[in-house]
Amino acid sequence: MVELRKRKAPANPSVPEKKTKAPKPQPKPQPKPQPDVDVEVDADVKVKESSKVPEAGDIIDIDTFGGEVQTNDAETTSLKKLLEESKAGVVFFTYPKASTPGCTKQACLFRDNHTHLTSSGLSIYGLSGDSPKANTTFKTRQNLPYPLLCDPKATLIAAIGLKKSPKGTIRGVFAVDKKGKVLLRESGGPDATVDAVQKIVANAPKLEEKEAESEAKPEEEKDEEAGAE
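**Here's the deal with the overall build of the chain**
At step 1: Helices and strands together make up the secondary structure of the chain, namely 7 helices and 9 strands.
At step 2: Scored against the burial criterion, the 229 residues of the chain give a buried share of 34%.
At step 3: Considering only intrachain contacts with a sequence separation of at least 6, the fraction spanning at least 24 residues in the chain is 62%.
At step 4: Here the chain displays about 15600 Å² of accessible surface, and carbon together with sulfur accounts for 52% of that area.

Right under this line is the structure:
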């Protein structure tokens, strides 16, 4: 008889241990940027920090606001200087490019309404990123009775919130009184920008009334002094 031998069962092959990957380091949470905070001056007036675009009712820092620009005559000026030269404040209407149809319409509307718009003591200025040469040509051709300001670096245009990204100028209007209080800031078409300024003028005392009031004050003070004696 043939002897049958049992075969040994093959040994189980060793299973390589799975290497566990080390967890990726989690990025540290970045602190959320803090919103700009209004700096309170008194109960009624607040000054917005320079990083925020001023709105109607805000008080701006006249000394530093907007940097320097040039007139179409290539003279360097600033908001502070223009306010000092004005009787009640200044109005800037912004336009994208001199001598284009929409900008011509806007400039001519401010020209045709110039007497009324300046009746309360506000000074009118056009403002764009054009060169003095381009703005001088524009002013001469359209017989504009007000200066045009040239801001190729858009420092003033950006400060009043009417700079287009990445570059360019948004059509709009900005007005501020001699004390730095913003009267108006909005974008709009040629007609809308003029209408916005007309509303301010309609609610403001006329320049003649202001002058008459200032002349009457000394007489009133004299009467009060005589009565006290």
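Next comes the rest of the account.
**Examining the packing of helix α2 (residues 101-112) against helix α6 (residues 190-202)**
At step 1: For the pair α2 and α6, the least separation of the axes is 8 Å and the interaxial angle reads 25 degrees. One way to sum up the angle between α2 and α6 is to call them roughly parallel. By crossing handedness, the relation of α2 to α6 is classed as right-handed. Touching Gly 102, Lys 105, Gln 106, Leu 109 and Phe 110 of α2 are Pro 190, Asp 191, Thr 193, Val 194 and Val 197, all from α6.
At step 2: Along the lines of polarity and charge, the residues of the contact of α2 with α6 split into 5 nonpolar, 3 polar and 2 charged.

**Observations concerning the sheet that holds strand β9 (residues 182-187)**
At step 1: An order of β4-β3-β7-β6-β5-β8-β9 is seen for the 7 strands of this open sheet, with the pairing classed as mixed. Strands with a single pairing partner mark the edges of an open sheet, and in this sheet they are β4 (76-78) and β9. Each neighbouring strand pair of the sheet contributes to a mean axis angle of 30 degrees, computed without reference to strand direction.
At step 2: Sheet topology note: the strand β3 (residues 68-71)/strand β7 (residues 148-150) ladder contains 2 bridges and is antiparallel. Paired with Gln 70 across the bridge in β7 is Cys 150.
At step 3: Seen against the sheet, helix α4 (residues 132-142) touches β3, β6 (122-128) and β7 and runs at an angle of roughly 165 degrees to β7.
At step 4: Each of β5 (89-94), β6, β8 (172-177) and β9 is contacted by α6, which is oriented at about 160 degrees to β9, the strand it contacts most.

**Quick word on the confidence of the model for the chain**
At step 1: Summarising the model, the chain shows a mean pLDDT of 83, and 68% of its residues fall at 70 or more.
At step 2: pLDDT under 50 marks residues 35-50. Its contacts with residues more than four places away, or in other chains, come to 22 contacts.

**Some remarks on the pattern of salt bridges**
At step 1: Applying the stated criterion across every chain yields a total of 4 salt bridges.
At step 2: For Arg 185, the salt bridge identified is with Glu 55, shortest N-O distance 3.1 Å. In this pair, Arg 185 is assigned in strand β9 and Glu 55 in the loop between β2 (46-47) and β3, connecting sequence segments 130 residues apart.
At step 3: Among the residues examined, Glu 55 registers a relative accessible area of 31% and is labelled partly exposed.

Reading guide: rules and limits
- Residues numbered from 1 in each chain as written.
- Predicted model: local features only at pLDDT ≥ 70, side-chain atom pairs only at ≥ 80, totals over all residues.
- Heavy atoms only, no water.
- Helix = DSSP H or I, 4+ residues; strand = E, 2+ residues; numbered from the N terminus.
- Buried < 20%, exposed > 50% of the residue type's maximum accessible area, 1.4 Å probe, protein only.
- Contact = heavy atoms within 4.5 Å.
- Areas by Shrake-Rupley, 256 points an atom, 1.4 Å probe, with all protein chains shown as cover.
- Axes fitted to C-alpha atoms, helices over the stretch in contact; angles between N-to-C directions.
- Parallel < 35°, antiparallel > 145°, perpendicular 65-115°, else oblique.
- Left-handed = near helix turned anticlockwise from the far one by under 90°.
- Nonpolar A, V, L, I, M, F, W, Y, C, P; charged D, E, K, R; others polar.
- Pairing = 2+ DSSP bridges.
- pLDDT = per-residue confidence, 0-100.
- Salt bridge = Lys/Arg side-chain N within 4 Å of Asp/Glu carboxyl O.

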